[in-house]
Amino acid sequence: MTIKTLRGLPHPLKKLQHDYQLLQKVGFSSSIIRLIDDRRNPLHHYCQPFQPHPASKAIIQAARQFCIEHGIWLDNAQHYITCQLFLYPTASYERMLVMTKNNAIDYYLNDTYGRDLFKSLSEEQQAVATAVIERMSHLDEHMQLTADALPVERANARMLAEIRDSAPKAWFAEFLRLYNYHLAVTHRNCNTAALGYVPDVAQYVDMRYHTSGMPHIVLLLEYAENNFLDWGWLQDTCLAPALQRLHWLIAAFGCLSNDLFSFEKEVIDNGADANLLAAIALNEPSWQLTEVIYHAATMVKDILREYFDLLSSIREQVKALCAAFPAESAGMTRHLDCVERCVQASWMWQVHTQRYKRVNSIWEETQTPEPAILKAV
């Protein structure tokens, strides 16, 4: 589709940035949690039992050393390397460490060649990035590298080999497929100018689902607990479609709520339009930013509401199957517990991390106090 520009209106992205500046001037502030909360299951209450991995400090140190050894430690890594420690808080130390390495590599690529940065790279840097991602996204289970492989490629192959050697073959094949696809579609210019068209909001959500990496992150719930699902049994008991939908919902909640948290970083700072709020604005150029925010938040709220309803339904079905299939039902119950922790972590990490914090943020969750020296000026 083409941009539905209306006569007399500026480009939707420029309008979005202009509206943002006006909101800042009048001291506008809103709370993401109040916008998206399901009143039956308030996030504040739902997330209260959550705690990140108990060995977080040791795992961060080990993962940091791994990154330093491979030359992929960035100054802001301290703000993103904690992500997996929230997502899989009950995983063993060994599995948690390799998943943290996976997270560190992915964020390194994002902050070096990512979708909101790619357009700002020089032509030479873009060529290098394209070649690196092409090689990385075609790596197979043999992990064979070319002679000119960069350190990040070596780190990636080493990390993937560790996962391969500690997981069922079929599961790893699906993980590698999803992970490689994520690398291929994410680390490039994802803005509308590069795409050559303006995706509608549904198309953007599908694209964001994959650029977020959430499909393979959800798959790692099985790896984290060494609790691999029997999809044949799930098909036989008619649980598979509902569980697949539940997996989509937790992935969608993670990536689209993140678009709210990262709106200022991506759209305002970097001028990128690969963000849910920008996608809505591009499709509705007459809307004010407050209307865009409300529409985006309503989408996330609807996802959260469906998640709670479907999770409850699946738990009831598993309970009914417990007597006939005790082992499979126990494994499913453990998996659903992991699913809940994943949703809790998606919220808690975004509130906790310094990655999105800023002075004068329009979000209460990402506001930081203005430095005293600036207040005195």
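This one's a predicted model, so the numbers in the text were calculated from it and none came from an experiment.

Asker: Which residues make up the overall build of the protein chain, and what are the values?
Answerer: Counting its secondary structure elements, the protein chain contains 20 helices and two strands. Scaling as 2.2 N^0.38, a compact globule of 377 residues should have a C-alpha radius of gyration of about 21 Å, and the protein chain matches this with 21 Å. In terms of overall dimensions, the protein chain has a C-alpha envelope of 65 × 55 × 50 Å along the principal axes. With 377 residues in all, the protein chain has 54% of them scored as buried. For the protein chain, the distance from the average position of its 34 positive side-chain charges to the average position of its 42 negative side-chain charges is 4 Å.

Asker: Please set out helix α10 (residues 169-186) residue by residue, giving values where relevant.
Answerer: An ideal rise of 1.5 Å per residue puts 26 Å on 18 residues; α10 measures up with 26 Å between its terminal C-alpha atoms. For α10, the set of buried residues is Trp 171, Phe 172, Phe 175, Leu 176, Leu 178, Tyr 179, Asn 180, His 182, Leu 183, Val 185 and Thr 186. Where α10 is buried, its residues touch α7 (93-113), α8 (123-136), α9 (151-164), α12 (201-211) and α13 (214-225).

Asker: Mind laying out the nonpolar core, listing which residues take part and the relevant values?
Answerer: Judged by nonpolar contacts, the single largest core of 124 residues is most densely connected at Tyr 88, Ile 105 and Tyr 307. Here the element with the most residues in this core is helix α18 (residues 289-321); it accounts for 15 residues. With near-sequence residues (within four places) excluded, Tyr 88 lies in contact with His 53, Met 96, Met 99, Ile 217, Leu 220, Leu 221 and Ala 224.

Asker: Please set out the side chain of Gln 84 residue by residue, giving values where relevant.
Answerer: Following the sequence through the fold, Gln 84 ends up in helix α6 (residues 83-87). There is a polar contact of 3.3 Å between the side chain of Gln 84 and the backbone oxygen of Met 99. Contacts of Gln 84, omitting those with residues within four sequence positions, involve Met 96, Met 99, Thr 100, Asn 102, Asn 103 and Leu 220.

Asker: How would you sum up the pattern of salt bridges? Please name residues and give values.
Answerer: For the structure shown, the criterion picks out 19 salt bridges. Where Asp 259 meets Arg 208, a salt bridge forms, and the shortest distance between an N and an O atom there is 2.8 Å. One end of the pair, Asp 259, is in helix α15 (residues 240-261); the other, Arg 208, is in helix α12, and 51 residues separate them in sequence. Of the charged contacts in the structure, one is a salt bridge between Arg 305 and Asp 302, with a shortest N-O distance of 2.9 Å. A residue pair is termed a helical-turn pair when its members lie 3 or 4 positions apart in one helix, as Arg 305 and Asp 302 do in helix α18 at three residues.

Asker: Quick one: what's the story with the packing of aromatic side chains, residue by residue and with numbers?
Answerer: The final tally for this structure, using the stated rule, is 17 aromatic pairs. Centre to centre, the rings of Tyr 46 and Phe 308 are 4.9 Å apart; their planes meet at 85 degrees, and the pair counts as edge-to-face. Remark: Phe 308 occurs in helix α18 and Tyr 46 occurs in helix α3 (residues 43-46); sequence separation between them is 262 residues. By relative accessible area, Phe 308 is classed as buried at 8%. Linked through ring pairs, Tyr 80, Tyr 107, Phe 261, Trp 347, Trp 349 and Tyr 356 together constitute an aromatic cluster. The ring of Trp 73 is capped by Arg 64, whose NZ or CZ atom sits 5.1 Å from the centre of that ring. When the ring centre of Tyr 223 is taken as reference, the NZ or CZ atom of Arg 95 above it lies at 4.4 Å.

Asker: An account of the environment of Val 185 is needed here, citing residue identities and associated values.
Answerer: Along the chain, Val 185 falls in helix α10. Val 185 sits 171 residues away from Tyr 356 along the chain, and the two C-alpha atoms are 23 Å apart. In this view, Val 185 contacts Cys 190, His 210 and Thr 211; residues no more than four positions away in its chain are not counted.

Asker: Describe the environment of Met 332, listing the residues and the values that go with them.
Answerer: Structurally, Met 332 is set in helix α19 (residues 326-352). C-alpha of Met 332 to C-alpha of Thr 82: the two residues are 250 residues apart in sequence and 27 Å apart in space. Ignoring sequence-local partners within four residues, the contact set of Met 332 consists of Leu 229, Trp 233, Leu 234, Leu 243, Ile 314 and Val 318.

Asker: I'd like a description of the packing of α9 against α10, backed by residues and values.
Answerer: Their axes nearest at 10 Å, the elements α9 and α10 cross at an angle of 150 degrees. Taken together, the axis directions place α9 and α10 in an arrangement best described as roughly antiparallel. In terms of crossing hand, the pair formed by α9 and α10 is right-handed. In contact with Asn 156, Met 159, Leu 160, Ile 163 and Arg 164 of α9, α10 contributes Trp 171, Phe 172, Phe 175, Leu 176 and Tyr 179. Of the residues contributing to the contact of α9 with α10, the split by class is eight nonpolar, one polar and one charged.

The rules behind each value
Residues numbered from 1 in each chain as written. Predicted model: local features only at pLDDT ≥ 70, side-chain atom pairs only at ≥ 80, totals over all residues. Heavy atoms only, no water. Helix = DSSP H or I, 4+ residues; strand = E, 2+ residues; numbered from the N terminus. Rg over C-alpha atoms; globule rule 2.2 N^0.38 Å. Buried < 20%, exposed > 50% of the residue type's maximum accessible area, 1.4 Å probe, protein only. Lys, Arg positive; Asp, Glu negative; His and termini not counted. Charge placed at Lys NZ, Arg CZ, Asp CG, Glu CD. Expected span 1.5 Å × (residues − 1). Contact = heavy atoms within 4.5 Å. Core = buried A, V, L, I, M, F, W, Y, C linked by side-chain atoms within 4.5 Å. Polar contact = N/O pair within 3.5 Å; in protein donor to acceptor, adjacent residues only side chain to side chain. Salt bridge = Lys/Arg side-chain N within 4 Å of Asp/Glu carboxyl O. Phe/Tyr/Trp six-rings, centres within 6.5 Å; stacked < 30°, edge-to-face > 60°. Lys NZ or Arg CZ within 6 Å of the ring centre and 35° of its normal. Axes fitted to C-alpha atoms, helices over the stretch in contact; angles between N-to-C directions. Parallel < 35°, antiparallel > 145°, perpendicular 65-115°, else oblique. Left-handed = near helix turned anticlockwise from the far one by under 90°. Nonpolar A, V, L, I, M, F, W, Y, C, P; charged D, E, K, R; others polar.

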